[in-house]
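Descriptive structure summary
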Amino acid sequence: EILSMFLRENMADRLRLATAPFIVGEAGAPRFLRPGRYPFDSGHRAVTESLRMAGDMSVATYRFHDDDPVRDRECLARAVELSRRCTPDPECYRVGAVVVTASGARYEGYTQMTARKNHAEEEAVTAALQAGADLRGATVYSSVEPCSARSSKPESCSRLLLRLGVRKVVFGLYEPDRFVHCTGALDLRRAGVRTLYLPEFARQILDINAHLFSRPRR
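1. Looking at the pattern of salt bridges
Taken as a whole, this structure holds 18 salt bridges when the rule is applied. Measuring nitrogen to oxygen at the nearest pair gives 2.8 Å for the salt bridge that ties arginine 189 to glutamate 9. Here glutamate 9 lies in the loop between helix 1 (2–8) and strand 1 (14–19) and arginine 189 lies in helix 5 (residues 184–190), a separation of 180 residues in the sequence. Classification of arginine 189 as partly exposed rests on a relative accessible area of 22%. Overall, the relative accessible area of 40% leaves glutamate 9 in the partly exposed class. One salt-bridge network, held together by shared partners, links Asp13, Asp67, Asp72, Lys168 and Arg194.

Pasting the structure below:
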């Protein structure tokens, strides 16, 4: 059940499968996966990383996504540093964002960089669009999960990224339920965008936003 859940939701990065030399013909024997719709049904193929023997078993390792762990951490770390440039404001999170286009061009932004109501992803995306960049297939790194609802503007950051055809979003902190209940990462993933959460950045991001948690809510 657990394996099926992660694979159905396209949340698994790698799968290591050991095959023993037995044939089981019983109709009620356990299946590897439960019935359901999987990403592979639509033509998505895994990549075989390795195949080795372990005694009389074959052990195959499959990779489902083409993530670059070094680049992902480097770009998210840059987004976290950018967030420090935002002046603490009781009405918003201090967030930084980096956009990397499919061609490798990078654009940066942080909350309130050019206007008080602007979010970090919005600032980075605007910088990219003003430079004439095509954001289809781009990757967005945001220190905090892209918003799913906002009172200041009609379009949330998650909907903005979907409209522009972003392929992947990496973030370091799920947005706490302080202003709204955020479902940005879930909305993106359900729409087919690769979402990657790197929890090792969460403590640092919370510290940067300590101004929101050291006083009572309004």
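From this point on, the discussion continues.
2. As for unusual backbone geometry
Its identity is not glycine, yet asparagine 10 carries a phi of approximately 60 degrees, on the positive side. Assignment of secondary structure puts asparagine 10 in the loop between helix 1 and strand 1. Residue classification places asparagine 10 among the partly exposed residues on the basis of a relative accessible area of 28%. With a phi angle near 65 degrees, glutamine 112 is a residue other than glycine that sits in the positive phi range.

3. Some points on the side chain of serine 4
With respect to the helices, strands and loops of the structure, serine 4 is situated in helix 1. Apart from the residues lying within four places of it in its own chain, the contact partners of serine 4 are Leu33, Arg34 and Tyr38.

4. Re the nonpolar core
Ranked by size, the top nonpolar core spans 40 residues in total, and within it Leu76, Val99, Val125, Leu135, Tyr141, Leu161 and Val169 carry the most contacts. Among the secondary structure elements, those contributing two or more residues to this core are helix 2 (69–83), strand 4 (96–100), strand 5 (106–110), helix 3 (120–130), strand 6 (139–142), helix 4 (157–164), strand 7 (168–171) and helix 6 (202–208). Here the element with the most residues in this core is helix 2; it accounts for five residues. The contact partners of leucine 76, leaving out residues within four places of it in the chain, are Tyr141, Ser142, Ser143, Val170, Phe171, Gly172, Leu198 and Phe201. Within the second largest apolar cluster, six residues are counted, among which are Ala12, Leu33, Tyr38 and Phe64.

5. Details of the packing of helix 3 against helix 4
Two numbers describe how helix 3 lies on helix 4: the axes approach to 10 Å, and their chain directions differ by 25 degrees. Between helix 3 and helix 4, the crossing angle belongs to the class labelled roughly parallel. Considering how the two elements wind past one another, helix 3 and helix 4 form a crossing that is left-handed. Facing Glu121, Glu122, Val125 and Leu129 of helix 3, the residues of helix 4 in contact are Cys157, Leu160, Leu161 and Leu164.

Calculation rules
Residues numbered from 1 in each chain as written. Predicted model: local features only at pLDDT ≥ 70, side-chain atom pairs only at ≥ 80, totals over all residues. Heavy atoms only, no water. Salt bridge = Lys/Arg side-chain N within 4 Å of Asp/Glu carboxyl O. Helix = DSSP H or I, 4+ residues; strand = E, 2+ residues; numbered from the N terminus. Buried < 20%, exposed > 50% of the residue type's maximum accessible area, 1.4 Å probe, protein only. Contact = heavy atoms within 4.5 Å. Core = buried A, V, L, I, M, F, W, Y, C linked by side-chain atoms within 4.5 Å. Axes fitted to C-alpha atoms, helices over the stretch in contact; angles between N-to-C directions. Parallel < 35°, antiparallel > 145°, perpendicular 65-115°, else oblique. Left-handed = near helix turned anticlockwise from the far one by under 90°.

Shape descriptors only; they carry no functional weight alone.
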